[in-house]
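Summary of the model geometry
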Amino acid sequence: MQCFISTNRDIYFNLALEEYLLMQETSDFFVLWQSEPAVVVGKHQNAAAEINHRFVRENDILVARRLSGGGTVYHDAGNLNFTYIASGEAGKLVDFKRFIEPVIDFLNSIGIDARQGPKNEILARDKKISGNAEHVHKNRVLHHGTLLFHSNLNVLRESLKVVPGRYKDKAVQSNRSSVINISECLDKDMDLTSFEGRFLDFMVSRTGGNVFEPGEEIKNSVTSLANSKYRSWEWIYGWSPDYEINSEFHFENLDCLIHIKVHRGIMKDCVLKSNTIPGEDLERLKSLLLESRHEWEQVRTVLKDWNNRLISGEKETEEMVWSFF
């Protein structure tokens with residue numbers, strides 16, 4: 001097994017790296033990596049329904065979509081991610097225990113009483129420290145997970161806080177869990193760099209593997225994939241299953257009920273009702289919204305173009321934008 005630490009902190013690069021190693025290489029790999037603050041949704045999730053749009057935007061937290069299924073997770077500089085890429089026999093590739101067991105053994109070796117939970121998470125003190133997911137491609141499997149070492153748990157919770165019932169879809173839903181940092185469970189002080197280094201050494205010894213350094217050809221191919229796919233709006237938001245959103249706008253003496261149907265991230269139908277905004281104004285707004293992307297910048301542009309006399313100031317415009325999410 002080829003083992004290495006990715007020194008690139010770009011979430012999109014590292015997600016593309018996983019896909020490249022899975023689909024373009026034939027060796028088995030074990031990779032440790034980190035990223036800047038980001039919310040990462042599962043492949044089959046509705047990204048719009050999984051995030052606290054306002055908090056994420058105002059705190060410069062990135063949004064990404066990974067190749068595997070499962071629920072939404074949060075990454076930051078206090079979180080360490082691990083990735084296995086392995087070949088095997090078709091039909092026998094999905095095996096969470098196989099990949100989680102070495103992680104638990106490592107955690108036990110440094111004094112953490114960890115165990116695998118019923119949803120393939122890793123638990124310590126009966127709280128979640130790691131979420132895991134898998135993706136199969138032909139005769140190869142990708143297994144990856146998070147390890148909350150000293151993440152900002154308040155930011156994690158706020159990033160994933162959503163309004164219940166606002167979105168209606170058939171997408172995979174996340175299960176919110178009680179979480180704890182690994183650093184809180186250690187008897188002795190350890191920083192994340194030491195934790196990461198010890199984990200890599202453990203896995204090299206465990207697998208009889210080699211320390212590997214990706215060459216420039218791999219890095220260039222991964223960068224290209226990151227730019228063409230993983231950074232793209234079409235992958236992050238446009239890949240979401242169809243959904244509907246029901247929301248309300250209230251600002252001073254203005255109000256509006258909002259119902260939108262979205263297909264592949266594009267607003268395809270819209271119903272707007274208000275006691276304070278004239279019907280003809282609402283119809284004009286509807287015509288501007290239809291066939292536009294359901295994303296913050298696009299809705300803001302539409303409202304600016306609408307240029308309604310009742311909603312013309314920056315504050316009420318911004319508040320109305322947020323009511324669409």
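In this report, the structure presented in the accompanying data block is examined. (Residues numbered from 1 in each chain as written. Predicted model: local features only at pLDDT ≥ 70, side-chain atom pairs only at ≥ 80, totals over all residues. Heavy atoms only, no water.)

**Re the pairing of strand E3 (residues 38–41)**
- With burial as the criterion, each face of E3 is covered, one bearing Ala38 and Val40 and the other bearing Val39 and Val41.
- Relative to strand E4 (residues 62–65), E3 is paired through four bridges, and the arrangement is parallel. If you follow Val39 over to E4, its bridge partner there is Val63.
- Two elements, E3 and strand E5 (residues 73–75), share three bridges in a ladder whose sense is antiparallel. By the bridge assignment for E5, Ala38 is matched with His75. (Buried < 20%, exposed > 50% of the residue type's maximum accessible area, 1.4 Å probe, protein only. Helix = DSSP H or I, 4+ residues; strand = E, 2+ residues; numbered from the N terminus. Pairing = 2+ DSSP bridges.)

**Some points on helix H10 (residues 296–306)**
- Every buried residue of H10 is accounted for by Trp296, Val299, Val302, Leu303 and Trp306. Buried residues of H10, viewed axially, fall in a sector of 130 degrees; they line one side.
- Where H10 is buried, its residues meet helix H3 (53–58), strand E16 (266–273), helix H9 (279–289) and helix H11 (314–322).
- Among the residues trailing H10, Asn307 stands out with phi positive, at a value near 50 degrees. (Arc of directions from axis to C-beta. Contact = heavy atoms within 4.5 Å.)

**Quick notes on the packing of aromatic side chains**
- Inspection of the entire model under this criterion finds 16 aromatic pairs.
- Each ring, one from Phe195 and one from Phe199, has its centre 6.4 Å from the other, and the planes form 50 degrees; the classification is tilted. Placement of the pair is Phe195 and Phe199 together in helix H6 (residues 192–207), with a separation of four residues, close to one helical turn.
- Here Phe195 falls in the buried class, since its relative accessible area comes to 0%.
- In this arrangement the basic side chain of Arg57 is found over the ring face of Trp296, its NZ or CZ atom lying 3.8 Å from the centre.
- Over the aromatic face of Trp235 sits the side chain of Lys229, whose NZ or CZ is 4.3 Å from the ring centroid. (Phe/Tyr/Trp six-rings, centres within 6.5 Å; stacked < 30°, edge-to-face > 60°. Lys NZ or Arg CZ within 6 Å of the ring centre and 35° of its normal.)

**Describing the layout of surface pockets**
- Its boundaries defined by the atoms lining it, the largest pocket holds a volume of some 750 Å³.
- Together, 40 residues line the largest pocket, and Gly71, Thr72, Val73, Lys128 and Gly131 are the ones closest to its centre.
- Residue assignment for the lining of the largest pocket shows that the elements contributing at least two residues are helix H1 (11–24), E5, strand E6 (79–87), strand E9 (127–130), strand E10 (132–137), strand E11 (140–148) and helix H5 (153–159).
- A per-element tally of the lining of the largest pocket places E11 first, with four residues.
- A per-class count over the lining of the largest pocket returns 14 nonpolar, 18 polar and eight charged.
- In this structure, the second largest pocket spans a volume of roughly 380 Å³.
- In terms of lining residues, the second largest pocket is bounded by 20 residues, among which Arg57, Val63, Tyr237, Glu295 and Trp296 are the most central.
- Broken down by secondary-structure element, the contributors of at least two residues to the lining of the second largest pocket are H3, E4, helix H8 (233–236) and H10.
- Looking at the lining of the second largest pocket residue by residue, the classes come out as 13 nonpolar, three polar and four charged. (1 Å grid on protein atoms, 1.4 Å probe; cavity = no way out; pocket = protein on both sides within 12 Å on 5 of 7 lines; lining within 4 Å. Points joined across faces, edges and corners; volume = space filled by probe spheres on them. Nonpolar A, V, L, I, M, F, W, Y, C, P; charged D, E, K, R; others polar.)

**Considering unusual backbone geometry**
- In this model, Lys138 sits at a positive phi of 55 degrees, which is unusual for a non-glycine residue.
- You can see Lys138 is positioned in the loop between E10 and E11.
- Of note in the backbone geometry, Glu252 takes a positive phi value of approximately 55 degrees without being a glycine.
- Mapped onto the elements of the fold, Glu252 is located in the loop between strand E14 (243–251) and strand E15 (254–263).

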